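As a plain string of letters, each chain reads:
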Amino acid sequence: FSVVNGVALQPLPYADADDLVYLGIRFDEPLPFFATSVPDFMDWRERLQSLEHVGAIEPHALVVALDGEARRIVAGRMSPDVLPMFRVLPELGRPFSDEEFQTHTGSVALLSYGLWQRWGAEPEIVGQKISTVGYSQDVEIVGVLPADFQAPAAARMEQPELWMPLPVDGAAYATSRTSRNLRVIGRLALGMSVDEARLEAETLGLALASDFPDAYMVTETRHLTVGVASLREQTIGRTGSVVLILLGATGLLLLIGCANIANLLLARAVDRKMEIGLRSALGADRARVISQLLTESVLLGLLGGAVGVALAVALVKFLHVVGPANLPRLAEVAIDH
C-alpha cells in the first residue's frame, strides 16, 4: 500500500498540480513522448494560447572543484517560466534574473535543498562561488530551493542537485529542430482543459510539420507531431494500473492469511474446550472467559502488527536503495504516519 499510495494515490507535490501538463514530440500514437528542441519549445511558448506558462528543463552534467578534488554533480538547466509555473520561490537567496537567462556563461546557480544540507547548510553559502570544469568563470550561488521542489518524474531525468539558467534565446544550438533534449512542462490558462490544450498543440504540430518537413517527417506515411498529457498521467503512465493490480493481489493474499489464522484459532479453541469448561466450573463467568480470549487475540494482533510495521519500514528503505529506475515517484514512497 505504501508503494501504491506514493506512486498512484498521492497528488503530485506541486501547487494546483491538476493544471500542469507535459508537452513533447511524439508519433501519431498517444505514447511515448520524446524530448523537444529549442526552436520547437520557443514556438510552443509563443503560440500556445491555452497555456499560461511553458517552461523547459534540460539535464546537464557538471563537474565542480571542491576541497581540491573534482566531483560530478547531477545538474539541470531551467527556462524563465519554470519556477513561476511551479509557484516556487527559493528558500534562501533569490531566483534567476531576466538578464541571467540572456547570458551563456553559466555564471549563477541555485542549489537543491539536499545539496545545501550536505554542504553544511550554512546561510552564508548564498553569494559564494564554486569552480567548475567547462566554464570560463566561477559559478556564483544565488539561492537555495525549497526541500520539496523536484523535477517532475515525467521528465525522465535524475533529480538535479544544482540548477542553472537555460539560455534558449540565441543559444548556439537553438537553430536545430532535430537536436531534441528539452523536457517541456506547461500550466493551463484559466478555464482551459487538457483536451483543449491537446487539440491546440496537435494543430500547431501539423503546422510545424508542414513548415519544417525535414524535422517532422520520419517516413512518407509517418510523421511527428506535438502531444499534450496531464503531468500526472505522463508521470504515472501504465505503472498506476500495474501497482493497483499488485495491491489487489496482495489484498487477496492477506485475506487468505487471515482466513488461515482464523481457522487455526478456531481449532485451538476446540482443543481448549475442556480448559474453558473447567474454568467455568471453578466460578469464572462468561465475561471473564471472553476477556481472557480477547486479551490473547489482541496480544497476538499487536505482535503481528508490530512485526508487520517493522518489515514495512525495512522493505521501503530497501526499495529506495534497489528500486527499479522506471518506477515513478519512488522517492515519495514512505510509510504513512
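In this report, the structure presented in the accompanying data block is examined. (Residues numbered from 1 in each chain as written. Predicted model: local features only at pLDDT ≥ 70, side-chain atom pairs only at ≥ 80, totals over all residues. Heavy atoms only, no water.)

## Description of the overall build of the protein
Working step 1: Within the protein one finds 10 helices and 10 strands.
Working step 2: In summary, the protein has a C-alpha radius of gyration of 28 Å against a globular reference of 20 Å for 337 residues, an excess of more than 25%.
Working step 3: Referenced to the eigenvectors of the C-alpha coordinate spread, the extents of the protein come out at roughly 95 × 55 × 35 Å.
Working step 4: Counting every position in the protein, which comprises 337 residues, the buried fraction comes to 41%.
Working step 5: Intrachain contacts of the protein at a sequence separation of at least 6 include 74% that bridge at least 24 residues.
Working step 6: Of the accessible surface of the protein, which amounts to about 18700 Å², a share of 60% is contributed by carbon and sulfur atoms.
Working step 7: Considering the protein, the positive charge centre built from 27 side chains and the negative charge centre built from 39 side chains are found 11 Å apart. (Helix = DSSP H or I, 4+ residues; strand = E, 2+ residues; numbered from the N terminus. Rg over C-alpha atoms; globule rule 2.2 N^0.38 Å. Buried < 20%, exposed > 50% of the residue type's maximum accessible area, 1.4 Å probe, protein only. Contact = heavy atoms within 4.5 Å. Areas by Shrake-Rupley, 256 points an atom, 1.4 Å probe, with all protein chains shown as cover. Lys, Arg positive; Asp, Glu negative; His and termini not counted. Charge placed at Lys NZ, Arg CZ, Asp CG, Glu CD.)

## Digging into the packing of aromatic side chains
Working step 1: Scanning the model with the defined rule gives five aromatic pairs in all.
Working step 2: On the numbers, 5.4 Å between centres and 65 degrees between planes, the contact of Tyr-113 with Trp-116 is edge-to-face. Of this pair, Tyr-113 and Trp-116 both sit in helix 4 (residues 113-118), three residues apart, which is roughly one turn of the helix.
Working step 3: Residue classification places Tyr-113 among the partly exposed positions, given a relative accessible area of 27%.
Working step 4: Three or more aromatic residues link up through ring pairs in this structure, and these residues are Tyr-14, Phe-86, Phe-149 and Trp-163.
Working step 5: Sitting above the plane of the Tyr-216 ring, Arg-180 keeps its charged end 6.0 Å from the centroid. (Phe/Tyr/Trp six-rings, centres within 6.5 Å; stacked < 30°, edge-to-face > 60°. Lys NZ or Arg CZ within 6 Å of the ring centre and 35° of its normal.)

## Considering the environment of Ala-70
Working step 1: Mapped onto the elements of the fold, Ala-70 is located in strand 3 (residues 69-78).
Working step 2: Residue classification places Ala-70 among the exposed residues on the basis of a relative accessible area of 60%.
Working step 3: Not counting the four nearest positions on each side in its chain, Ala-70 is found in contact with Val-63, Val-64 and Ala-65.

## Re the pairing of strand 10 (residues 225-230)
Working step 1: Among the six residues that make up strand 10, six are buried, leaving the element largely enclosed by the rest of the structure.
Working step 2: Alignment of strand 1 (residues 20-26) against strand 10, held across six bridges, turns out to be antiparallel. Among the inter-strand pairings, Tyr-22 is bridged to a residue of strand 10, identified as Ala-229. (Pairing = 2+ DSSP bridges.)

## Observations concerning unusual backbone geometry
Working step 1: Phi is positive for Arg-87, which is not a glycine, with a value near 55 degrees.
Working step 2: As for its placement among the helices and strands, Arg-87 is situated in the loop between helix 3 (82-86) and strand 4 (92-93).
Working step 3: Even without being glycine, Ala-121 reaches a positive phi, approximately 55 degrees.
Working step 4: Secondary-structure assignment places Ala-121 in the loop between helix 4 and strand 6 (129-132).

## Re the environment of Gly-205
Working step 1: Residue placement: Gly-205 occurs in helix 5 (residues 194-211).
Working step 2: The buried category is assigned to Gly-205, whose relative accessible area is 0%.
Working step 3: Sequence-wise, Gly-205 and Ser-112 are 93 residues apart; in three dimensions their C-alpha atoms are separated by 35 Å.
Working step 4: Here Gly-205 is in contact with Tyr-216, Thr-225 and Val-226, once residues within four sequence places are set aside.

## A look at the nonpolar core
Working step 1: Counting 28 residues, the largest nonpolar core has Leu-23, Phe-41, Trp-44, Leu-51 and Val-184 as the members making the most contacts within it.
Working step 2: Put simply, the parts of the chain that give this core at least two residues each are strand 1, helix 2 (38-47), strand 2 (51-66), strand 9 (183-188), helix 5, helix 6 (213-216) and strand 10.
Working step 3: By residue number, the principal contributor to this core is helix 5, which donates six residues.
Working step 4: Counting residues in each nonpolar core, the second largest holds 26 residues, with Leu-12, Tyr-14, Ile-57 and Phe-96 among its members. (Core = buried A, V, L, I, M, F, W, Y, C linked by side-chain atoms within 4.5 Å.)

## Remarks on the side chain of Arg-177
Working step 1: Looking at the element boundaries, Arg-177 is found in the loop between strand 8 (162-165) and strand 9.
Working step 2: Take Arg-177: its relative accessible area is 13%, and that puts it in the buried class.
Working step 3: Of the polar contacts made by the side chain of Arg-177, one reaches the side chain of Asp-43; its length is 2.7 Å.
Working step 4: Beyond its immediate chain neighbours, meaning those up to four positions away, Arg-177 contacts Ser-37, Pro-39, Asp-40, Asp-43, Leu-208, Phe-212 and Ala-215. (Polar contact = N/O pair within 3.5 Å; in protein donor to acceptor, adjacent residues only side chain to side chain.)

## Concerning the environment of Leu-188
Working step 1: Considering the arrangement of structural elements, one finds Leu-188 in strand 9.
Working step 2: Using a relative accessible area of 6% as the deciding quantity, one classes Leu-188 as buried.
Working step 3: Along the chain, Leu-188 and Glu-52 lie 136 residues apart, while their C-alpha atoms are 5.5 Å from each other.
Working step 4: With sequence-adjacent residues up to four places away left out, Leu-188 is seen in contact with Asp-19, Val-21, Ser-50, Leu-51, Glu-52, Ser-193, Val-194 and Ala-197.

## Section: the pairing of strand 9
A regular strand places its side chains so that they alternate between the two faces of the sheet.
Working step 1: Within strand 9, six of the six residues are buried, which leaves the element mostly enclosed by the surrounding structure.
Working step 2: Residues Arg-183, Ile-185 and Arg-187 point to one face of strand 9 and Val-184, Gly-186 and Leu-188 to the other, with burial holding for every one of them.

## Focus on helix 1 (residues 2-9)
Working step 1: With respect to burial, helix 1 is a largely interior element, six of its eight residues being buried.
Working step 2: Residues Ser-2, Val-4, Asn-5, Gly-6, Val-7 and Ala-8 constitute the buried set of helix 1.

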